[in-house]
Each structure stands twice: as C-alpha cells, then as structure tokens.
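What follows is the residue order along each chain.
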Amino acid sequence: MPTALHRRVLVIIPAWNEEATVGTTVSEVLAQPEGLDVLVVDDGSADATAREASRAGAEVLRLPFNMGVGGAMRAGFKFAQRHGYDAVIQVDADGQHNADDIKSVIAGLDHADISIGARFAERGNYRATGPRRWAMVFLAFVVSRIAKVKLTDVTSGFRAGNRRAVAQYLDHYPAEYLGDTLDSLVVAIRSGCKVVQVPVEMRPRQGGQPSHNPWKSAVYLLRAVLALVFALTRKRSTVNIGQAGA
C-alpha cells in the first residue's frame, strides 16, 4: 500500500456558484508541497466558477446542470478511477477546509480505506449548537458503533478515500441530502471499508453566506435521522473491495 507521501492524489472540489472563492481554494491546494492534482467539478454553475477554477490552475469538469454534491462527487470519482489515482480527497470550494490539513487526512489512509477530517476532535474552535449539534452527536454515536471505532464528525465532507473506497463509492454514492456524507459512509463501512478520523481545523466561509439558522437546524435534525435510517436499510455494496486495489 502506498504511503501518504507516495500516493498519486486527486483533490476533488465540487463547486456550485463559487466564483468568489474557488480560485483561492485551488491556489491554496496547488501551493501544498505534495504536488497534488486538482479537479474542480463545476456543478452547473450560473456564474464564472469554471473560469476562475481554470485560471487558478485546476482541471475543470463541467456538468450540464446542477446535480448536487453527490452527483458532482460521483463524476469526480469516475475521473479518478479512469486516470489511475491512488487516492482522492474532497475539499469544499468555499475555503472552509484548510489546505494545510490535506496531508494529515491523506496520511490516515495508511491505516484505513476512508479518512475523515473531523471538526470535533479536540482541535480548532468549530462549534455547532442546538438541533444541529444534537444530530451530529447522535449520528456519531451510532456510526461509531457500526464502525467499531470512535468517530465524532460523520457528516464532514473533508474526507479521503483510497482505491477500494472509490470503487465502493461508484457502486453506491447517493445524491440525496446527507447521502454523500452519512449514507455513503455507513454503506461503505457495512461493505467492509475501514475508517479513521483525523482532527482538523475548520475555517469560516471565505465568501457567500452561511446557510444555517434555527429552523434549518431543526430540519437538519429530522433529515439526519431519516438519512441514517435509510443508510441502515441499504444493501451492502456488490463491489469486491478486496480486489479493488489499495
């Protein structure tokens, strides 16, 4: 299995109308000393997201219409598999994920198939309150029991996967709300993928407006519970991950 410093890594950045931030995000990733490749999946943006990403040095894959994060990531996984990458890592276009943490999250793949950059792991000052926090605690407890390892942030999108994980994701990676994080993770674990978490620091959005408010937090709680129920009823992946390569 290649170690963190010897993997060929693709950074996948799903982006929808993120022209204000995507260029800076791409530049920060490309400035990392590991020599990472960057693919921005322009998810049907109506602004200059694709132009700004390309100008910053990213490969750009343009989707004809908005498919959501799940659809954008599936396109990125297919790209990674076709081009023979050893690992992928998702980074948000809005600048909340710190590019300096990419190496640490990738290093988690030395011991697992999926490595999660966790916001609630005794590092940084990211906080969630109210129903949103209740949902995160409950989900982490349940998924930790399934994975047989302590996890604190199972809805984090800052996560890496090796070839086994990519093959499994291409077999099952839902586009529904929370499906790209929670549902995909639960099915991957139940299908045999090992998971670890790595503490990271989250930053405020570098542009645009946060989407959270008390009403949306309550809706998040309900959707999170439903997403978990659906995930637990899914069939295990039909992919033989043991043959998918590390």
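Residues numbered from 1 in each chain as written. Predicted model: local features only at pLDDT ≥ 70, side-chain atom pairs only at ≥ 80, totals over all residues. Heavy atoms only, no water.

Asks: I'd like a rundown of the overall build of the chain, residues and numbers included.
Replies: The number of helices and strands found in the chain is eight helices and seven strands. Here the chain holds 246 residues, and 53% of them are scored as buried. Intrachain contacts of the chain at a sequence separation of at least 6 include 79% that bridge at least 24 residues. In the form shown here, the chain has an accessible surface area of approximately 11500 Å², with 53% of it arising from carbon and sulfur atoms. (Helix = DSSP H or I, 4+ residues; strand = E, 2+ residues; numbered from the N terminus. Buried < 20%, exposed > 50% of the residue type's maximum accessible area, 1.4 Å probe, protein only. Contact = heavy atoms within 4.5 Å. Areas by Shrake-Rupley, 256 points an atom, 1.4 Å probe, with all protein chains shown as cover.)

Asks: An account of the pattern of salt bridges is needed here, citing residue identities and associated values.
Replies: Applying the stated criterion to the full structure yields nine salt bridges. A salt bridge links D86 to R163, with the shortest nitrogen-to-oxygen separation between them at 3.0 Å. Taken together, the residues D86 in the loop between α3 (68-82) and β4 (87-90) and R163 in helix α6 (residues 163-171) connect sequence positions 77 residues apart. Each member of the salt-bridge network shares a partner with another, and the members are R51, E52 and R55. (Salt bridge = Lys/Arg side-chain N within 4 Å of Asp/Glu carboxyl O.)

Asks: If you had to explain the side chain of Q90 to someone new, which residues and values would you point to?
Replies: By secondary structure assignment, the location of Q90 is in strand β4. For Q90, the contacting residues outside a window of four places in its chain are I12, P14, V69, M73, H97, G157, F158, R159 and Y173.

Asks: An account of the environment of L30 is requested, with residue identities and associated values reported.
Replies: Turning to its location among the elements, L30 is positioned in helix α1 (residues 22-30). Overall, the relative accessible area of 34% leaves L30 in the partly exposed class. A sequence separation of 19 residues divides L30 from V11, and the C-alpha atoms of the two residues are 9.6 Å apart. Filtering out sequence-adjacent residues up to four positions away, L30 remains in contact with L36, V38, A56 and G57.

Asks: Just give me the short version of the nonpolar core, but keep the residues and values in it.
Replies: Among the nonpolar cores identified, the biggest contains 37 residues, and L10, F77, I114, V143, L182, L185 and V195 are the most heavily contacted of them. Only β1 (9-15), β2 (37-43), α3, β5 (114-118), α5 (130-147), α6, α7 (179-190) and α8 (214-233) provide two or more residues apiece to this core. In this view, L10 contacts D37, V38, L39, G76, F79, A80, Y85, A87, V88 and I89; residues no more than four positions away in its chain are not counted. Listed in part, the 24 residues of the second largest apolar core include I13, A53, A93 and A99. (Core = buried A, V, L, I, M, F, W, Y, C linked by side-chain atoms within 4.5 Å.)

Asks: Explain the packing of aromatic side chains to me, using residue names and the numbers behind them.
Replies: This model, assessed by the stated rule, comprises three aromatic pairs. Aromatic pair F77 and Y173: ring centres 5.0 Å apart, planes at 80°, arrangement edge-to-face. Note that F77 is positioned in helix α3 and Y173 in the loop between α6 and α7, a separation of 96 residues in sequence. On the accessibility criterion, Y173 (4% relative accessible area) is buried. With 5.0 Å between their ring centres and 75° between their planes, Y169 and Y173 make a pair best called edge-to-face. Aromatic ring contacts, followed pair by pair, group F77, Y169 and Y173 into a single cluster. A cation over a ring is seen here: R8 above Y85, with NZ or CZ 4.0 Å from the ring centre. (Phe/Tyr/Trp six-rings, centres within 6.5 Å; stacked < 30°, edge-to-face > 60°. Lys NZ or Arg CZ within 6 Å of the ring centre and 35° of its normal.)

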